[in-house]
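Single-letter residue listing:
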Amino acid sequence: MRLSKEYAYERIKPADDVMHEECGVFGIYMNDKTYDPAEAAYLGLYALQHRGQESAGIAVADGSGIRVHKGMGLCAEVFRNSLGSLSGGHIAIGHVRYSTCGDSAVENCQPIVLSYRKGKLAMAHNGNLVNCEILRNRLVDEGMIFQTTLDTEVMAALIARFSKLGLIDAITRMMKMVRGAYALTIMTEDALIGVRDPRGVRPLALGKLDDNYVLASESCAFDAIDAEFVRDIRPGEIVVIGKDGLKSFQAQASRETALCIFEYVYFARPDSDIDGISVYRSREAMGIRLAKAYPVCADLVGGVPDSATPAATGYAAQSGIPFAKLLAKNRYVGRTFIQPSQSLRERGVKLKLNAMKRIVHGKKLVLVDDSIVRGTTSKKIVEMLKLAGAREVHMRISSPPVKFPCYFGIDTPSHEELIGAKKSVEEIRRVIGADSLNYLTVEDLLKTVEGAGCNFCVGCFSGEYPVDIEKANKETESMKLSAEE
Ligand code: AMP
């Protein structure tokens, strides 16, 4: 469903500019003492750190209440002296978050914890709702007070509101009202709950550690605690894990699934499997397809580390051109440093990546990156490689041009800042100074994830979104906010 331009800017953009997040969620229910849940959550969140570096939090239930510790910074910083205060429970959920503008305040750290008629409830959310503003305003009009600007709090408020229906029905009612992307870990004082939106836009996987169940945004978090991957949570499914094991409820039909393809292109870790597809293998396949579609005579192939390395190895294998490390990466430059302004962003690229002068000097290069967003990275890198003596730099991008913002939980800048929205491929080539530039087509990209148990959202490339945002907002105006249907 394509958004009308006016609607996209006037109605959706302002809210979108505020709430732009990327997140990772985790949850564990321990029946035995193999792990302290807070420690397991800490390790799991560490493995999900790539999904958000701005804040981290863990909430623990111990049968007599819920304790939470959260704060701004990386997992290691947030929990340096405080993991001990969370020890001793039997359930834990955790969250890592990155937000781009405005709301990076400590009160917006997750998990959020609230008291409702049945006790306490903690909740961690990955994704973004598109009808949240209207829901929030309607609840505020009724006198409700919110302490954060998070979609998560609106979802939790709806669950609390419908709680006299029972928890599962309350979550189901909430799911009927919210539109957009959500992968949730929820914790009551005696249960761990996982929820995935009916389109399955964001991933959520189920793992097992002996008799203990684990939930995580990505399977790489299971490896960190020696848990086994069991399966992906199905779109529209609620799983409830308690002392009697796991119960599954298909709360909403999942007819038109739309897993975010950008998880495979850039966001997820290469050692994760999502909905039956290895992220690494899909990236490698992207490189192979790029090499078939856009061959070039060159001496070396390299990827922009780290996310484009698998695609570069795929390109090298298919083309027969040797793979080489063309750029060194400084692993200590975080995204938060690069983000605030364009000038810092440009300096940030230089600090983060440097040309391997002795390798590239006098060579014709193929440089593979996973995406071009603003164009800042590609322009700087091509300049660096040429200054280091590269004779030619041919850019190959393992995704189509990013032309549209994401409303479902990937951090993309506004439409205005997306170079792919404004310029043709040839114009972009000139801006970044490459000798040639080619992107993968949407059709080719989709072939690299063939065999997944779902369909995909390619909204950032096509402008076709899985949710009709205009319709969702209209419907929200007249939704019943009381427990009675
Ligand atoms: P840009 O410099 O704005 O063109 O961004 C492109 C670079 O950022 C590529 O090297 C990507 O690997 C990386 N990238 C793409 N999407 C994201 C994202 N959502 N958050 C952070 N980095 C990204």
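Everything quoted here is computed from the prediction, not taken from an experiment. (Residues numbered from 1 in each chain as written. Predicted model: local features only at pLDDT ≥ 70, side-chain atom pairs only at ≥ 80, totals over all residues. Heavy atoms only, no water.)

Novice: Before we go on, may I ask you to explain the sheet that holds strand β8 (residues 192-196) in this structure?
Specialist: Note: strands within a sheet are paired through backbone hydrogen bonds, in either parallel or antiparallel orientation. Taken together, six strands build an open sheet; the order of strands is β5-β6-β7-β8-β12-β13 and the sheet is antiparallel. Sheet topology places β5 (112-116) and β13 (245-250) at the edges, where each strand pairs with a single neighbour. Averaged over all neighbouring strand pairs, the angle between strand axes comes to 20 degrees, with direction disregarded. Both β8 and strand β12 (residues 237-242) contribute to a ladder of four bridges, which runs antiparallel. (Pairing = 2+ DSSP bridges. Helix = DSSP H or I, 4+ residues; strand = E, 2+ residues; numbered from the N terminus. Axes fitted to C-alpha atoms, helices over the stretch in contact; angles between N-to-C directions.)

Novice: Would you take a moment to explain the packing of aromatic side chains for this structure?
Specialist: The way to describe two aromatic rings as a pair is by their centre distance and the angle between their planes. Scanning all chains against the criterion turns up seven aromatic pairs. For the ring pair tyrosine 42 and tyrosine 46, a centre distance of 5.5 Å and an interplane angle of 85 degrees mean the geometry is edge-to-face. Taken together, the residues span about one helical turn, with tyrosine 42 and tyrosine 46 both in helix α2 (residues 37-47) at a distance of four residues. Ring geometry for tyrosine 264 versus phenylalanine 456: centroids 5.8 Å apart, planes at 75 degrees, classification edge-to-face. A residue pair is termed long-range when its members are at least 10 positions apart, and tyrosine 264 in helix α8 (residues 262-267) and phenylalanine 456 in strand β23 (residues 456-457) qualify at 192 residues. Residue class for phenylalanine 456 comes out buried when judged on its relative accessible area of 16%. What links up through ring pairs into an aromatic cluster is the set Tyr42, Tyr46 and Phe79. (Phe/Tyr/Trp six-rings, centres within 6.5 Å; stacked < 30°, edge-to-face > 60°. Buried < 20%, exposed > 50% of the residue type's maximum accessible area, 1.4 Å probe, protein only.)

Novice: I'm lost on the site of the ligand in this one. Help?
Specialist: Taken together, 16 residues surround the ligand, and among them Asp369, Asp370, Arg374, Gly375 and Thr377 come closest. Note that an oxygen atom of the ligand is positioned 2.7 Å from one of the backbone N or O atoms of glycine 375. Aspartate 411 is positioned with one of its backbone polar atoms (N or O) 3.0 Å from a nitrogen atom of the ligand. The fraction of the free accessible surface of the ligand (500 Å²) that becomes covered by protein chains is 87%. Among the residues forming the shell around the ligand, the class breakdown is five nonpolar, five polar and six charged. (Near = heavy atom within 4 Å. Polar contact = N/O pair within 3.5 Å; in protein donor to acceptor, adjacent residues only side chain to side chain. Areas by Shrake-Rupley, 256 points an atom, 1.4 Å probe, with all protein chains shown as cover. Nonpolar A, V, L, I, M, F, W, Y, C, P; charged D, E, K, R; others polar.)

Novice: How do you make sense of the environment of tyrosine 315 when you look at a structure like this?
Specialist: Among the structural elements, tyrosine 315 can be located in helix α10 (residues 309-319). Placed 82 residues apart in sequence, tyrosine 315 and isoleucine 397 show a C-alpha to C-alpha distance of 11 Å. If we skip the residues at most four places from it in the chain, tyrosine 315 touches Gly287, Ile288, Leu290, Ala291, Tyr294, Pro295, Val296, Val301, Val366, Val368 and Arg396. (Contact = heavy atoms within 4.5 Å.)

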